[in-house]
Structure formats: structure tokens, C-alpha cells
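# Observations on the model geometry
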Amino acid sequence: MTLRAGVLAVQGDVSEHGDAIRRAAAAHDQTAEVVEIRESGLVPDCDVLLLPGGESTTISRLIHREGIADEIEAHVEAGKPVLATCAGLIVSATDAQDDRVDTLNVIDVSVERNAFGRQKDSFEAPLEVEGLDDPFPAVFIRAPVIDYVGSDVEVLATWDDRPVAVRDGPVVGTSFHPELTEDPRIHDLAFFDSVES
Ligand SMILES: NC(=O)CC[C@H](N)C(=O)O
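The name that an unreviewed UniProt entry assigns to the protein is Pyridoxal 5'-phosphate synthase subunit PdxT, with the source organism given as Haloarcula terrestris. Taken directly from UniProt, the Sequence similarities (unreviewed entry) text for the protein runs: "Belongs to the glutaminase PdxT/SNO family." What UniProt states about the protein under its Pathway (unreviewed entry) heading is, verbatim, "Cofactor biosynthesis; pyridoxal 5'-phosphate biosynthesis."

This is the structure we're talking about:
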């Protein structure tokens with residue numbers, strides 16, 4: 001089976017997500033056809049969506065300008081899977097605590113941008129994640145802190161007592177960047193519902 005995977009490509013680490021979803025699909029004897037989303041009209045044909053890290057104010061501005069935001073919301077309403085990482089998580093939240101980010105409201109969390117970055121701009125940490133047997137090598141880059149989680153949101157991982165991976169219905173959001181490691185297990189969790197070991 002070929003999975004049609006839309007990677008939001010208005011800004012951010014797009015090619016890494018393309019590689020990551022191809023790797024995860026291959027682990028399930030599937031192929032992923034990667035569609036880079038820069039304009040409206042492409043999202044409705046995608047089975048899954050990936051919202052990359054980058055700069056959330058820019059991503060938010062461009063997806064509204066290009067008419068992509070409504071299509072992402074419709075994709076989620078239809079129950080189709082999304083993985084949103086770092087800036088992607090910020091854009092997906094109900095509240096980004098920043099007027100420059102017009103959020104999609106598809107993950108019921110409130111996030112504080114760049115909040116992990118005050119102590120350290122970037123770091124990698126072995127993260128215990130719900131459903132994974134071994135820790136995941138999580139790369140944090142000026143990562144957002146999730147400081148409110150809605151009652152229907154499942155917390156999949158915490159770091160420093162704060163949620164850093166969450167699931168809200170078909171949408172998985174991470175403060176960190178699973179696309180920057182070779183490890184496909186977070187893409188597995190988001191899109192294949194089971195983890196190949
Ligand atoms: N690595 C990232 O995606 C960082 C997110 C960025 N600091 C933002 O707020 O948009």
C-alpha cells in the first residue's frame with residue numbers, strides 16, 4: 001500500500017520529515033509518497049500530514065495566507081492522522097501565548113514558545129515515551145513548553161515534569177524533533193499505531 005504523506009513545506013525542516021515517514025512506512029512494508037504542501041488543494045488528497053519544526057510565526061502566517069490552514073483543520077476533523085513537531089506543535093495548539101501565531105486549535109494545549117531554550121538552546125535527552133520499550137533520543141531545539149493540557153489530551157512523554165509529547169485524537173504533537181534522528185518510532189506511533197522493534 002502507498003501512503004500519501006503531506007509534509008507542510010512553507011518553511012522548516014521539510015526534507016527530514018519526508019525521509020522519516022519513508023523510513024517508518026518501509027518498516028511496515030509500505031511505501032510513502034511524499035507531497036510537499038506549499039499551496040491549497042493538496043491536503044485533501046493526503047492520508048497523513050506532517051507539520052515540521054521551524055519558525056511558528058512564519059508557518060502560521062503562510063498557511064493562513066495560502067488557504068492551507070482550513071484544509072488541515074478539515075483533515076483532522078475527518079479523523080486523519082497528523083504528526084506536529086516543535087513549531088508544528090505550536091501552530092497546532094489551542095493557545096501559543098503569542099498574538100503572532102494564529103493557531104489551528106487541533107491539539108488542546110497551551111504552549112510557551114522557546115521556553116526550554118532559556119536554560120539551553122538545544123539538547124538531546126533519552127525520553128521515556130508511552131508505548132515504547134526503550135527511551136527515544138529526543139532532540140530539543142528552542143523547544144516549546146506545554147503548560148496546559150486539555151482533559152481529552154493524552155500525555156505520551158514528560159521531560160523535567162513537563163509534557164513534551166501528547167496525543168489529541170488523530171494528532172500527535174512533540175516539543176522535540178523525531179525527524180532529526182534515524183529512529184522511526186514516533187512516526188510509527190503517530191501513523192501506524194504500533195511499533196516495529
Ligand atoms: N525547533 C523549532 O521548531 C523551534 C520553534 C521556534 N522556536 C518557534 O517558536 O517557532
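Moving on, we come to the sheet that holds strand S5 (residues 93-95). The strand order across the open sheet built from 3 strands is S5-S6-S9, with neighbouring strands paired in mixed fashion. The open sheet has two free edges, formed respectively by S5 and strand S9 (145-149), since each of these has just one partner strand. The mean angle between the axes of side-by-side strands here comes to 50°, regardless of whether they run parallel or antiparallel.

Quick look at the UniProt feature "active site" (unreviewed entry) in the protein now. Mapped onto this numbering, the UniProt entry gives "active site" (unreviewed entry) at Cys-86, His-177 and Glu-179. These annotated residues cover 94 residues of sequence, but their C-alpha atoms sit close together, with the largest distance between any two at 10.6 Å. Relative to the helices and strands, Cys-86 is located in the loop between strand S4 (82-85) and helix H4 (87-92). By relative accessible area, Cys-86 is classed as buried at 5%. Not counting the four nearest positions on each side in its chain, Cys-86 is found in contact with Gly-53, Ile-141, Arg-142, Ala-143, Pro-144, Thr-174, Ser-175, Phe-176 and His-177. Tracing the backbone through its elements, the reader meets His-177 in the loop between strand S12 (171-174) and helix H5 (185-191). Filtering out sequence-adjacent residues up to four positions away, His-177 remains in contact with Asp-13, Gly-53, Thr-85, Cys-86, Val-139 and Ile-141.

Lining the immediate surroundings of the ligand are Gly-53, Gly-54, Glu-55, Ser-56, Cys-86, Ala-87, Ile-90, Arg-113, Asn-114, Ile-141, Arg-142 and His-177. Interatomic distance of 2.5 Å between a backbone N/O atom of Ser-56 and an oxygen atom of the ligand. Notes on the ligand: free accessible area 300 Å², of which the protein chains cover 94%. Looking at the shell around the ligand residue by residue, the class counts come to 4 nonpolar, 5 polar and 3 charged.

Now for the UniProt feature "binding site: L-glutamine" (unreviewed entry) in the protein. When the UniProt feature table is mapped onto this chain, "binding site: L-glutamine" (unreviewed entry) is found at Gly-54, Glu-55, Ser-56, Arg-113, Ile-141 and Arg-142. Spatial clustering of the annotated residues is evident: they stretch over 89 residues in sequence, but the largest pairwise C-alpha distance comes to 13.0 Å. Mapped onto the elements, Arg-113 comes out in the loop between strand S6 (107-112) and strand S7 (122-127). When near neighbours in sequence (up to four residues on either side) are disregarded, Arg-113 contacts Glu-55, Ser-56, Thr-57, Ile-90, Ala-96, Asp-98, Arg-100, Val-101 and Pro-144. Among all residues touching Ile-141, those that are not within four sequence positions of it are Cys-86, Asp-121, Ser-122, His-177 and Leu-180.

Turning our eyes to something else, we now look at the nonpolar core. In terms of nonpolar packing, the biggest core is built from 35 residues, with Ile-21, Val-129, Phe-140, Phe-176, Ile-186 and Phe-191 touching the most fellow members. When contributions to this core are tallied by element, the ones reaching two or more residues are strand S1 (2-8), helix H1 (14-27), strand S3 (48-51), S7, strand S8 (136-141), strand S10 (154-159), strand S11 (162-168) and H5. Residues in contact with Phe-176, not counting those within four places in the same chain, are Thr-85, Cys-86, Leu-127, Phe-136, Ala-138, Val-139, Phe-140, Val-164, Ala-165 and Ile-186. Among the nonpolar cores identified, the runner-up in size contains 33 residues, and Leu-8, Leu-49, Leu-51 and Val-171 belong to it.

So, about the environment of Ser-122. You can see Ser-122 is positioned in strand S7. Classification of Ser-122 by relative accessible area gives partly exposed; the value is 43%. Through-space distance from the C-alpha of Ser-122 to that of Val-171 is 25 Å; in sequence the pair is 49 residues apart. In contact with Ser-122, not counting residues within four places along its chain, are Phe-140 and Ile-141.

Reading the values: rules and limits
- Residues numbered from 1 in each chain as written.
- Predicted model: local features only at pLDDT ≥ 70, side-chain atom pairs only at ≥ 80, totals over all residues.
- Heavy atoms only, no water.
- UniProt positions renumbered as here; feature names shortened; annotations may be inferred.
- Pairing = 2+ DSSP bridges.
- Helix = DSSP H or I, 4+ residues; strand = E, 2+ residues; numbered from the N terminus.
- Axes fitted to C-alpha atoms, helices over the stretch in contact; angles between N-to-C directions.
- Buried < 20%, exposed > 50% of the residue type's maximum accessible area, 1.4 Å probe, protein only.
- Contact = heavy atoms within 4.5 Å.
- Near = heavy atom within 4 Å.
- Polar contact = N/O pair within 3.5 Å; in protein donor to acceptor, adjacent residues only side chain to side chain.
- Areas by Shrake-Rupley, 256 points an atom, 1.4 Å probe, with all protein chains shown as cover.
- Nonpolar A, V, L, I, M, F, W, Y, C, P; charged D, E, K, R; others polar.
- Core = buried A, V, L, I, M, F, W, Y, C linked by side-chain atoms within 4.5 Å.

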